Each structure stands twice: as structure tokens, then as C-alpha cells.
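# Per-entry structural report
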Amino acid sequence: MPSTMEITNVTEFEAIAKEKLPKMIYEYYASGAEDQWSLKENRNAFSRILFRPRILIDVSEIDLTTTVLGFKISMPIMVAPTAMQKMAHPDGEYATARASAAAGTIMTLSSWATSSVEEVASTGPGIRFFQLYVYKDRNIVIQLVRRAERAGFKAIALTVDTPLLGRREADIKNRFTLPSHLTLKNFEGLNLGKLDKTSDSGLAAYVAGQVDRSLNWKDVKWLQTITSLPILVKGVLTAEDTRIAIQSGAAGIIVSNHGARQLDYVPATIMALEEVVKAAQGKIPVFLDGGVRRGTDVFKALALGASGVFIGRPVVFSLAADGEAGVRKALQMLRDEFELTMALSGCRSLKEITRDHVMTEWDRPRVAPRL
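Position numbers for residues start from 1 in each chain and track the written sequence from start to end. In keeping with the model being predicted, local features are shown solely for residues with a pLDDT of at least 70 and side-chain atom pairs are shown and tallied solely at 80 or more, while totals for entire chains, interfaces and linings include all residues. Side-chain measures here rest on the full set of heavy atoms in the structure, leaving out hydrogens and waters.

Moving on, we get to the packing of helix 2 (residues 23–30) against helix 13 (residues 313–345). Between two packed helices, the angle of one axis relative to the other and the distance separating the axes together describe the packing. Close contact between helix 2 and helix 13 brings their axes to 10 Å; oriented N to C, the two are set at 155°. Relative to helix 13, the element helix 2 lies roughly antiparallel. Along the contact surface, helix 2 presents Tyr26, Tyr29 and Ala30, while helix 13 presents Arg313, Val316 and Phe317. For the contact of helix 2 with helix 13, the residue count by class is five nonpolar, no polar and one charged. Axis angles are defined between N-to-C directions and span 0 to 180 degrees, where every axis is a line fitted to C-alpha atoms and, for a helix, only to the segment in contact. Only DSSP runs of H or I with at least four residues qualify as helices, and only runs of E with at least two residues qualify as strands; both kinds are numbered from the N terminus onward. Under this scheme an angle from 65 to 115 degrees is roughly perpendicular, one under 35 degrees roughly parallel, and one over 145 degrees roughly antiparallel; angles in between are oblique. Only heavy atoms matter for contacts: two residues are in contact if any of them lie within 4.5 Å across the pair. Basically, the charged four are Asp, Glu, Lys and Arg, the nonpolar ten are Ala, Val, Leu, Ile, Met, Phe, Trp, Tyr, Cys and Pro, and anything else, Gly included, counts as polar.

Laid out in C-alpha cells, this is it:
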């Protein structure tokens, strides 16, 4: 097993996490839905996008800063919501919050965190978004959103691809449930903090019982009546839904297939990105979530029109490997690789990253030499 000292890229954290974590927990984080085709494709699709680097540009100074919903951050790499982080490490979301703040970037806290919004806020300053699952009991939703607002969270990331939980066969085999010493902290006191042992996935049973499958576009409008926070719609993969999201008042879109954990055989998010970006027409920012493991991936996403990316599993695996220090290292490695990619592509700022810097399968003829 490699030590965290020897790690040279973020994918190497996974092997350490696999060694350290109980099988049920590792497989919960690592697995995708059904055949896991989309899980592999989320990664593989990046490898089919090639660079068209520009040379002999003065890249002695490179600026990675950007703004997201008006908040200035150090780089376009943010932390995606991932549930139950104390299963990975005792410090859980506390460590992720501190590492994200130290990196000068945004952390998104999952509704299903093992630390509450108040606890995460107590770790100190930092820009944080709150990921929301809409429960059947709307009073719970109102309470949660109000608490996130009071705790200083700056936006709501509304997950829209989970009317039911995807079929994650590892969780079914392992009869996944939250370890008994942990609870879903945001729901403590509401008698919703416990996952019950079931004959298959405890989380799937929990979602079927609690999460509102009637959730629809009218509810996006309703959310705007209960909060002044901007709402990011997380889980969009098509132009059609992009247009409706804009009409419904979304402040931004996160192109996501839920880490390939919901519907299998959806395209990789990097493959769906350009369709969404074109449909958004610059009216609202579009972000990418899923499969980002290298600075080159970040560059490719920005070249195809993303305003930034969110990373999920690399955070959980680096957290499992080495707590806060692990997450700091993962964010720093991605930042360094991204900066290097910019330099070698001839880009000094994010606005200099253009569509012409990449070549995809669907535009090979566009850049073919005229012989």
C-alpha cells in the first residue's frame, strides 16, 4: 500500500482508502449503478478529448481565480456534496470544510452529512453551499433551508436526479446501512437521522420512504419562495431541461449524473456538457460534476464551456486516506496539474481557455489540415 507521502495524483488515494475502510463503506463510495457503464464512461470520456496547445506565449504569470455566483474563489475546482463523510474518517465533514477553506474554494455539504450545517459552520470561515434533497414533509425542507441560511451557507444545490435511489448492487449485497455510531446529523431530532437495516440497501429504503418522488419544476419555483439563496439545479444532462431550469429561475446548473450512481447508460457528464452549455446561452453558469481526476480534466471542462467543476470521490478517498491533510493534498494536486495544463496550453487566465484549445470526436474534421 502506498503511503500518502508517495502519492503523485489523486487517483492513488483510492487504493489507500480501499485498504483502510470496511468493505461495505468502501464499496458504498466507490460503486455506481447497475452495470457501472456510466461510472467507467465518466472517466473514459475525458481520455477521448485531446488538446490543441498554443506555444510561445508568456505564461510566467497564471491566474486561476474565478467567481461563482459572485463569490471569489482561488480556482475553478470545488467540492461536491458527498454523504456520510464520517464513515471515511472520524473528522468527516469538519476536515473537508477546513481543507476546502484552506484551499480557498467552495465546499458543498450533503443533506445526508454526518455533521450538521451548524457544526460545519463552526469550523471557521469559508464559502459553503448546501445540497438539498426534498423530503415528502415540506416542513422539514423549510427547516433545513432556514438552518443552512442561518449557518451562513451561500447557495442551495438542489439534487434533481434522485426521485428514487439508483440500483447500486454493491450496497444491496452488503445490505448497506450507516454505522450505528453515526447519524444523518441534519435530521437528528426529526426521527429521520437513522438508516434502518433492511434486506437490501438501507439507503435505498430510506430514500423510498422519505424523499419526495413527486418533485417537479413547480417545486423549484416553490423553493424560491422560501429562500433568497440562489438555487443550483444539480443533475441536468439535456438541453431541454437546461431551458426549463432557466425559465424556472435557477441561478446555475450542475451537469451531473450523480457520480454514475443513478441511471446507468447516461452519457458521461463531459459528453453532456456542451449540449447544456449551448442551451444555456450564457444566461446562467454551467458547472460539471463527475469523473474529474486530473488538472487536464478541469481544463477540458472549462474549454467545453463549464464555469467550474465539482469533485466528489477524490475528496472522500483522500479524506479516508489522511483526513484533512489528505483532502488538502488532493485539492492542491488538482490545482497544480490544472495550472500546468494552462501553462502548456498557452493560457494565462480562465477566460483565455477556449473551445479551440480542445479537439473532440465530433469536431475532428473541423481542425483537419487543408492539404
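A few words now on the nonpolar core. For our purposes a nonpolar core is just a set of buried Ala, Val, Leu, Ile, Met, Phe, Trp, Tyr and Cys residues, chained together by side-chain atoms within 4.5 Å. Residue exposure (1.4 Å probe, protein chains only): buried if accessible area is under 20% of the type maximum, exposed if over 50%, otherwise partly exposed. Core analysis: the largest hydrophobic core is formed by 107 residues, its most contacted members being Trp112, Leu132, Ile270, Leu273 and Phe338. Per-element accounting of this core gives the leading share, 13 residues, to helix 13. Residue contacts for Ile270: discarding those within four places in its chain leaves Ala45, Phe46, Ile49, Leu288, Lys300, Ala301 and Leu304. Counting residues in each nonpolar core, the second largest holds 13 residues, with Met78, Ala157, Leu232 and Phe287 among its members.

Let's shift gears to the layout of surface pockets. If you add up the space inside the largest pocket, you get close to 680 Å³. Breaking the lining of the largest pocket down by element, the ones donating at least two residues are helix 2, helix 3 (37–44), strand 11 (308–311) and helix 13. The element contributing the most residues to the lining of the largest pocket is helix 13, with four residues. Broken down by class, the residue content of the lining of the largest pocket amounts to 18 nonpolar, eleven polar and eight charged. A cavity, in this analysis, means grid points on a 1 Å lattice covering only the protein atoms where a 1.4 Å probe fits yet has no way out; a pocket is instead an open set bounded by protein on both sides within 12 Å along at least five of seven lines, and a residue lines either one if it has an atom within 4 Å of a point. Grid points are joined across faces, edges and corners, and a volume is the space filled by probe spheres set on the points. Its boundaries defined by the atoms lining it, the second largest pocket holds a volume of some 470 Å³. Where the lining of the second largest pocket is concerned, the elements lending two or more residues are strand 7 (155–159), helix 9 (217–226) and strand 8 (231–236). Classifying every residue of the lining of the second largest pocket gives 14 nonpolar, eight polar and four charged.

Turning to the environment of Gln210, a few remarks are in order. Among the secondary structure elements, Gln210 is positioned in helix 8 (residues 202–210). Sequence-wise, Gln210 and Gly305 are 95 residues apart; in three dimensions their C-alpha atoms are separated by 36 Å.

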